[in-house]
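# A structural walkthrough
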Amino acid sequence: MRPLIFLDLDDVLAVSREYTSHQVMASFKSGDLDGWTELWSGLFLAEACANLTTLHDEFWPQYVVSSSWSTYMTRVQMKEVFRRTGLEFVADNMHKYWTTPKGPGSARNNEIKNWIAKHGQRAQPTLVLDDHESGWSLLESFLDLQGVLVLCEPWKGFMADQLENAQRLLRAQIAPGAR
């Protein structure tokens, strides 16, 4: 069974103060995605993308977007963002149910818990990549207590320490006799 990664974007991959989801939406509204080359090259932090690539190459997971970006982007648009930022493997491996359910004022913990209750598979290796700001509700949650949570520092992203932690957590779930 392939692992599942719940992927936040802001402060995990997207740490630029100059390029944000607002510019991404403006590019889609303009209909000229090719005219925004600086946006696509600067939107996601290169080191965070390299670390996600390393994680993907080792575990070949499926992805569920838990980011607020999915409230105003379609699946097609999210795939385009990943392709244009060099993360084709995320676009190509998005889960059939590609995003967590969002509601007014819903907490990330509840969104992921509801997704798992509806679409999750028993004993499926799982990892949550989020940040301390938007993922505050995940601290001491069932996900944290199960050892599937990796939180990134705001404005720093998915760095080497978080990669090592993510690898350790997924390896522990995949190891013989785990869970």
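Read on for an overview of the structure. (Residues numbered from 1 in each chain as written. Predicted model: local features only at pLDDT ≥ 70, side-chain atom pairs only at ≥ 80, totals over all residues. Heavy atoms only, no water.)

If you want to describe how two helices pack, look at the angle between their axes and the distance between the axes. Contact geometry of helix α3 (residues 46-59) with helix α8 (residues 160-174) gives a least axis separation of 10 Å together with a crossing angle of 15°. For the element pair α3 / α8, the angle class is roughly parallel. Here α3 runs over α8; the crossing is right-handed. Listed contacts from α8 to E47, N51, T54, L55, E58 and F59 of α3 are A160, L163, A166, Q167, L170, R171 and I174. (Axes fitted to C-alpha atoms, helices over the stretch in contact; angles between N-to-C directions. Helix = DSSP H or I, 4+ residues; strand = E, 2+ residues; numbered from the N terminus. Parallel < 35°, antiparallel > 145°, perpendicular 65-115°, else oblique. Left-handed = near helix turned anticlockwise from the far one by under 90°. Contact = heavy atoms within 4.5 Å.)

Moving on, we get to α8. Between the first and last C-alpha of α8 there are 21 Å, a value that for 15 residues agrees with the 21 Å anticipated at 1.5 Å per step. On its buried face, α8 is in contact with α3, β4 (126-131) and β5 (149-152). (Expected span 1.5 Å × (residues − 1).)

On to the pattern of salt bridges, then. Throughout the structure, instances matching the rule amount to eight salt bridges. Residue E58 pairs with R171 through a salt bridge whose shortest N-O separation is 2.7 Å. Pair noted here: E58 is in helix α3 and R171 is in helix α8, with a separation of 113 residues, a long-range link. Under the relative-accessibility criterion, E58 is labelled partly exposed at 36%. Judged by its relative accessible area of 42%, R171 falls in the partly exposed class. Residue R108 pairs with E111 through a salt bridge whose shortest N-O separation is 3.6 Å. One end of the pair is R108 and the other is E111, both in helix α6 (residues 108-119) and three residues apart, which spans about a single turn. Classification of R108 by relative accessible area gives buried; the value is 9%. (Salt bridge = Lys/Arg side-chain N within 4 Å of Asp/Glu carboxyl O. Buried < 20%, exposed > 50% of the residue type's maximum accessible area, 1.4 Å probe, protein only.)

Sheets are built from strands that pair by backbone hydrogen bonding, the pairs being arranged parallel or antiparallel. Taken together, five strands build an open sheet; the order of strands is β3-β2-β1-β4-β5 and the sheet is parallel. Edge positions in the sheet fall to β3 (94-99) and β5, since each of these pairs with one other strand and no more. Across the sheet, the axes of successive neighbouring strands diverge by a mean angle of 20°, strand direction being ignored. Where strand β1 (residues 4-7) and strand β2 (residues 62-65) come together, four bridges link them in parallel fashion. Bridge pairing in β2 links L4 to Q62. With respect to the sheet, α3 is in contact with β1, β2 and β4, its orientation differing from that of β4 by roughly 175°. (Pairing = 2+ DSSP bridges.)

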